[in-house]
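Now for the letters of each chain:
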Amino acid sequence: MKYVSHARCMICKKTFKKGEFGYICLDHGNEGILDIEYDYEAIKKEFTKDQLKADKDMSIWRYKPLLPVDENCRIPNLPVGNTPLINLDSLADDFGIKHFYLKDDGRLPTASFKDRASAVALVKAKETRAKIITTASTGNAAAALAGLCASMGQPNVIFVPATAPRAKIAQLLMFGSKVILVDGSYDDAFELCLKVANEYGWYNRNTGYNPYMSEGKKTCSFEICEQLGWNAPDAIFVSVGDGCIIGGIHKGLKDLYKLGWIDKIPHLYGIQAQGSSYMYQAWKNNENIITKPAVKAKTIADSISAGLPRARIKALDAVKSTHGAFITVTDEQILKAIPNLAKRTGVFAEPAGAATWAGLKKAARNGILKSHETVVVINTGSGLKDINAAMKAAELTRLQCVTVEPSLDKFKQVASELNL
Ligand SMILES: *Cc1c(COP(=O)(O)O)cnc(C)c1O
Ligand SMILES: [Zn+2]
């Protein structure tokens with residue numbers, strides 16, 4: 001926390017000194033999300049690109065001076081960060097752009113982007129000596145918290161909608177969490193988890209409530225820019241549910257810009273499922289997101305199904321102030337994007353990750369991208385998280401297996417079917 005100067009309420013802009021704030025600005029109840037601010041002049045003096053170059057720790061903790069943790073904090077055993085930025089320049093022409101990269105966060109330890117935030121949550125919870133950490137989640141934030149807790153022997157209680165994909169629930173059980181299946185939506189699970197955390201005094205990791213989660217998520221921007229030799233890309237595409245990821249991506253870019261390590265802030269494109277498009281609607285119609293009520297959320301992309309995006313203030317700011325856009329894609333486009341992305345890149349994404357690929361295609365079709373641009377697409381979760389959705393995608397795109405009896409003659413009979 002050495003370089004944290006204060007926290008600022010995203011609604012009333014009131015500032016709180018270090019040590020004098022909890023999760024939220026109490027004047028605004030659960031909506032009073034805080035943004036953590038740093039003393040960038042002090043960081044500049046003591047933290048340099050050369051220092052980073054020499055640092056052998058490739059995890060997110062290499063950026064510790066830019067994170068809200070103490071220098072000598074206890075760090076989870078499970079390494080988080082350093083995901084590959086895959087060069088896809090060979091596909092750039094198809095999208096009418098110059099340089100093209102895929103940041104694959106499906107390769108984080110519990111196979112989703114959420115590990116970045118949960119790693120920071122663990123450190124913060126340990127600071128408070130919390131007996132129990134809790135979160136509500138569509139599944140991935142839960143799996144990330146559960147895995148990181150397991151790596152530190154930290155008891156935790158998880159609230160997920162009963163409809164969460166089985167692979168995510170399996171992760172929770174294997175990691176030894178107490179798993180509460182909520183008979184309702186993610187939004188219902190969120191509300192219940194907040195009430196329980198307050199009642200029992202548990203450490204609360206909830207997205208869009210705990211101000212440190214976007215701080216963990218911003219490490220993705222640090223990595224992208226460092227991997228590009230501190231040349232910021234022109235545009236970054238990422239899917240949006242609660243909006244914490246896109247808010248975090250934005251925060252990381254602003255940090256680097258304030259340090260003078262990058263010379264521009266990329267346009268941020270937030271991809272939403274048409275069936276869960278609160279942010280898109282609010283942005284398009286210029287609605288007030290403090291008063292705009294929840295929308296109905298229904299999409300195959302469970303990780304971005306959020307009727308009331310909890311980090312909506314940060315998400316809207318990310319898109320507006322970078323002159324980006326929100327883009328919606330249908331469930332059919334999302335499903336089709338799973339095999340398309342996989343076949344063209346070797347990266348297998350869950351629906352919310354593939355949504356970004358569908359959004360990029362739509363942006364290219366609509367002429368949003370420019371031929372001189374460098375574009376980064378983020379995959380936020382592994383395809384192994386949701387096999388049901390992948391098999392649905394296979395059905396939709398007529399991908400089939402062929403069954404054969406184990407003999408060469410029988411194989412020869414089917415070989416022609418396969419054009420072999
Ligand atoms: C959580 C999640 C998202 C969306 O992040 P938000 O912060 O809720 O906008 C996207 N993709 C995957 C795989 C996720 O787990
Ligand atoms: Zn406030």
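This is a predicted model, so every value here is computed, not measured. (Residues numbered from 1 in each chain as written. Chains lettered and ligands numbered in written order. Predicted model: local features only at pLDDT ≥ 70, side-chain atom pairs only at ≥ 80, totals over all residues. Heavy atoms only, no water.)

Participant: I'm lost on the coordination of the zinc ion (ligand 2) in this one. Help?
Facilitator: Tetrahedral coordination by four donors puts the ideal angle at the metal at 109.5 degrees, and octahedral coordination by six puts it at 90 or 180 degrees. Only Cys9 (SG), Cys12 (SG), Cys25 (SG) and His28 (ND1) from the protein reach the zinc ion (ligand 2) as donors, at distances of 2.2 to 2.4 Å. Every donor counted, the four donor atoms about the zinc ion (ligand 2) form angles of 99 to 125 degrees at the centre, which fits tetrahedral coordination. Mapped onto the polypeptide sequence, the residues donating to the zinc ion (ligand 2) form the spacing pattern C-x2-C-x12-C-x2-H. Exposure remark for Cys25: the relative accessible area of 0% places this residue in the buried category. (Donors = N, O, S within 2.8 Å, 3.2 Å for Na, K, Ca; no water. Tetrahedral: all angles 85-135°; square planar, octahedral: opposite > 155°, others 65-115°. Buried < 20%, exposed > 50% of the residue type's maximum accessible area, 1.4 Å probe, protein only.)

Participant: Help me understand the sheet that holds strand β2 (residues 15-17) in this model?
Facilitator: What links the strands of a sheet is backbone hydrogen bonding, and the strands pair in either a parallel or an antiparallel sense. Reading across from one edge, β2-β1-β3 is the order of the three strands in this open sheet, with antiparallel pairing throughout. Whereas interior strands pair on both sides, the edge strands pair on one side only; in this sheet they are β2 and β3 (34-38). Ignoring strand direction, the axes of neighbouring strands in this sheet form an average angle of 30 degrees. As paired elements, strand β1 (residues 4-9) and β2 share three bridges and run antiparallel to each other. Its bridge partner being in β2, Arg8 is matched across the sheet by Thr15. (Pairing = 2+ DSSP bridges. Helix = DSSP H or I, 4+ residues; strand = E, 2+ residues; numbered from the N terminus. Axes fitted to C-alpha atoms, helices over the stretch in contact; angles between N-to-C directions.)

Participant: What am I meant to see in empty space enclosed by the protein here?
Facilitator: Empty space among the atoms becomes apparent when a probe as large as a water molecule is rolled across them. A full pass over the atoms with the stated rule returns three cavities of 30 Å³ or more. Taken as a whole, the largest cavity spans an internal volume of roughly 270 Å³. Lining of the largest cavity is provided by 27 residues; of these, Lys114, Gly241, Asp242, Ile245 and Ser303 occupy positions nearest its centre. Every element with two or more residues in the lining of the largest cavity is listed here: α5 (140-152), α10 (244-259) and α14 (351-365). Tallying contributions element by element places α10 first for the lining of the largest cavity, with three residues. Of the residues contributing to the lining of the largest cavity, the split by class is ten nonpolar, 13 polar and four charged. Split into classes, the residues belonging to the lining of the second largest cavity amount to five nonpolar, two polar and three charged. (1 Å grid on protein atoms, 1.4 Å probe; cavity = no way out; pocket = protein on both sides within 12 Å on 5 of 7 lines; lining within 4 Å. Points joined across faces, edges and corners; volume = space filled by probe spheres on them. Nonpolar A, V, L, I, M, F, W, Y, C, P; charged D, E, K, R; others polar.)

Participant: How should I be thinking about the site of ligand 1 in this particular structure?
Facilitator: Around ligand 1 there are 16 residues in total, and Lys114, Gly241, Asp242, Gly243 and Thr380 lie nearest to it. One of the backbone N or O atoms of Gly243 is found 2.7 Å from an oxygen atom in ligand 1. In the model, an oxygen atom of ligand 1 is placed 2.8 Å from a nitrogen or oxygen of the Ile245 main chain. Against a free-state accessible area of 380 Å², the protein chains account for coverage of 98% of ligand 1. Applying the majority rule of atoms within 2 Å of the grid points places ligand 1 in the largest cavity. Broken down by class, the residue content of the shell around ligand 1 amounts to five nonpolar, seven polar and four charged. (Near = heavy atom within 4 Å. Polar contact = N/O pair within 3.5 Å; in protein donor to acceptor, adjacent residues only side chain to side chain. Areas by Shrake-Rupley, 256 points an atom, 1.4 Å probe, with all protein chains shown as cover. Sits in = over half its atoms within 2 Å of the grid points.)

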